[in-house]
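Survey of secondary and tertiary structure
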Amino acid sequence: MAYLKKHKFIILILVTAFIIRLGAVDYGLPHLLAFGDEIVHIAAGFNLLAQKTLRANFNFYYVPPLFSYLLAPIFSLIGLFGILLGKFQGIADYQNFVLLKKEYFLAVSRIISAILGTGAVYLIYLLAKKIFSSQKISLIAALFLTFDFFSVHESQLGRFWMPLTFFFLAAAYFIYRLYKEGDLKWYLLAGLMIGFGFGAGYAAIMMSLWFLISHLSRKKEGFWSKKLFAGAGLILGLTFLFSYLNPTAFIRQFGHMIFTIGSFFGQNISFTEIDAPSQVQSAAYYFKLMIGFLWHNSPLFFIFGLLGFLIIGFSKKERLLKFLLIGVPVVYLFIITFLFSGIEGRYVLPAVPFFILAVSYFIVEVSGRFKTSKLQKGLLAILVLTIG
């Protein structure tokens, strides 16, 4: 009871976040063709079971494979309990149900997204509390992410963007713990989150740079540290594993990137028929598109986020902290803007929590410099949340 009383605000925020993210669990069912990437994960999960394979190398599976590995055992358990409870006469009956009604299994992937979306809210709370040592900032950040448009939208769908964002935040949190404390467990956890993030959405591999820099920033640690090699070994091992498990997606995604870069220089470099986009626009076009997506997600989050980054950049905070909070979204947005074509709104989601961290810091920092009541500060936060 004492624990619940002490943490009542974050618990309330997390419950609210989960309820909101479950709001569209049955949206659109059973109209199968309406879900795009969602149904691909479902099909891959069932194909793993039907073919009795651990390798998700299916010609239709063009996205990173981690989601299918989360779904396959759950689908297996649903079939098992269905048979035990008499809902299905046997495996063949369950397979027939899947063939006819597979779109209903979208609810499973959406629940997973809702759980990871809620987990991201908790992670931003932990990260803000650790780096700013402020309960106010951490609660505001968690509250803002709870109601953020892209976060809610992707948490309600069974696509890989919410899992990717979850692993970005988890990696950032454990990397910062690694930097501050240096224990082996933080190296291992950071390595696991980066590796699983690669399996969820390849862009998470960029967090390896911060993993290395956080280690080098620890003056007590030598470069040839066993802890470094343990964490890096997990990153490399999981990277090779997920690349091997679904080379179709790996070749497509990285082939797409190479094709786009080549196109900027007038070169046509293509590995497969599916990696090449039909048309590549100018870099300026994609930059404008990316800014527009951030703006439409929340104008105030975008403006106050930039101001927050500015204050953090000129503050006396640790250099590693600045590089983490500002560098991660900048590098990520550079990657999706200039190395991939066909950018869509949801692509900016992994950068959004870092903007929200900057927004939360900005609000508390600025309001703390003026003599304002708690009511006025609360109204300011509500205003940003509502208009944003």
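All values derive from a computational prediction rather than experimental measurement.

Observations concerning the overall build of the protein chain
Broken down by element type, the protein chain carries 18 helices and zero strands. Buried positions account for 51% of the 388 residues belonging to the protein chain. When contacts within the protein chain are restricted to residue pairs at least 6 apart in sequence, those whose partners lie at least 24 apart make up 72%.

What to know about the side chain of serine 155
With respect to the element layout, serine 155 can be found in helix α8 (residues 149-155). Residue serine 155 is classed as buried on the basis of its relative accessible area of 0%. A polar atom in the side chain of serine 155 sits 2.6 Å from the backbone oxygen of serine 151. In this structure serine 155 touches Arg21, Arg110, Ser113, Ala114, Gly117 and Met162, once residues within four positions along its chain are discounted.

As for the pattern of salt bridges
Scanning all chains against the criterion turns up six salt bridges. In this structure, aspartate 37 and arginine 346 form a salt bridge, with 3.7 Å as the shortest nitrogen-oxygen distance. Note that aspartate 37 is positioned in helix α3 (residues 37-50) and arginine 346 in the loop between α16 (319-338) and α17 (352-367), a separation of 309 residues in sequence. A single burial state applies to aspartate 37 and to arginine 346, both of which are buried. Of the residues examined, arginine 346 reaches a relative accessible area of 13% and is grouped as buried.

Let's talk about the packing of aromatic side chains
Going through the model one piece at a time under the given rule, you end up with 29 aromatic pairs. Ring centres of tryptophan 161 and tyrosine 347 lie 4.7 Å apart, and the angle between their planes is 20°; this geometry places the pair in the stacked category. Remark: tyrosine 347 occurs in the loop between α16 and α17 and tryptophan 161 occurs in helix α9 (residues 161-181); sequence separation between them is 186 residues. Overall, the relative accessible area of 8% leaves tryptophan 161 in the buried class. Ring centres 5.5 Å apart and planes at 75° place the aromatic pair phenylalanine 168 and tyrosine 332 in the edge-to-face group. Separated by 164 residues along the polypeptide, phenylalanine 168 in helix α9 and tyrosine 332 in helix α16 bring together distant segments of the chain. Of the residues examined, tyrosine 332 reaches a relative accessible area of 1% and is grouped as buried. An aromatic cluster is defined as three or more aromatic residues linked by ring pairs; in this entry it consists of Phe46, Phe75, Phe88, Tyr94, Phe97 and Phe105. When the ring centre of tyrosine 244 is taken as origin, the NZ or CZ atom of arginine 55, which lies over that ring, is 3.9 Å away.

Brief notes about the layout of surface pockets
The computed volume of the second largest pocket comes to approximately 480 Å³. Of all the elements in the fold, those that place two or more residues in the lining of the second largest pocket are α3, α4 (66-84) and α5 (91-101). Considered class by class, the residues forming the lining of the second largest pocket number ten nonpolar, four polar and two charged.

Notes on the packing of α9 against α16
Orientation of α9 relative to α16, taken along the N-to-C sense of each, is 160°, at an axis distance of 11 Å. Considering the angle they form, α9 stands roughly antiparallel to α16. Crossing handedness for the pair α9 and α16: right-handed. Within the contact between the two elements, α9 uses Trp161, Phe168, Ala172, Tyr176 and Tyr179 and α16 uses Leu320, Leu321, Leu324, Val328 and Tyr332. Partitioning the contact of α9 with α16 into residue classes produces ten nonpolar, no polar and no charged.

Definitions and cut-offs
Residues numbered from 1 in each chain as written. Predicted model: local features only at pLDDT ≥ 70, side-chain atom pairs only at ≥ 80, totals over all residues. Heavy atoms only, no water. Helix = DSSP H or I, 4+ residues; strand = E, 2+ residues; numbered from the N terminus. Buried < 20%, exposed > 50% of the residue type's maximum accessible area, 1.4 Å probe, protein only. Contact = heavy atoms within 4.5 Å. Polar contact = N/O pair within 3.5 Å; in protein donor to acceptor, adjacent residues only side chain to side chain. Salt bridge = Lys/Arg side-chain N within 4 Å of Asp/Glu carboxyl O. Phe/Tyr/Trp six-rings, centres within 6.5 Å; stacked < 30°, edge-to-face > 60°. Lys NZ or Arg CZ within 6 Å of the ring centre and 35° of its normal. 1 Å grid on protein atoms, 1.4 Å probe; cavity = no way out; pocket = protein on both sides within 12 Å on 5 of 7 lines; lining within 4 Å. Points joined across faces, edges and corners; volume = space filled by probe spheres on them. Nonpolar A, V, L, I, M, F, W, Y, C, P; charged D, E, K, R; others polar. Axes fitted to C-alpha atoms, helices over the stretch in contact; angles between N-to-C directions. Parallel < 35°, antiparallel > 145°, perpendicular 65-115°, else oblique. Left-handed = near helix turned anticlockwise from the far one by under 90°.

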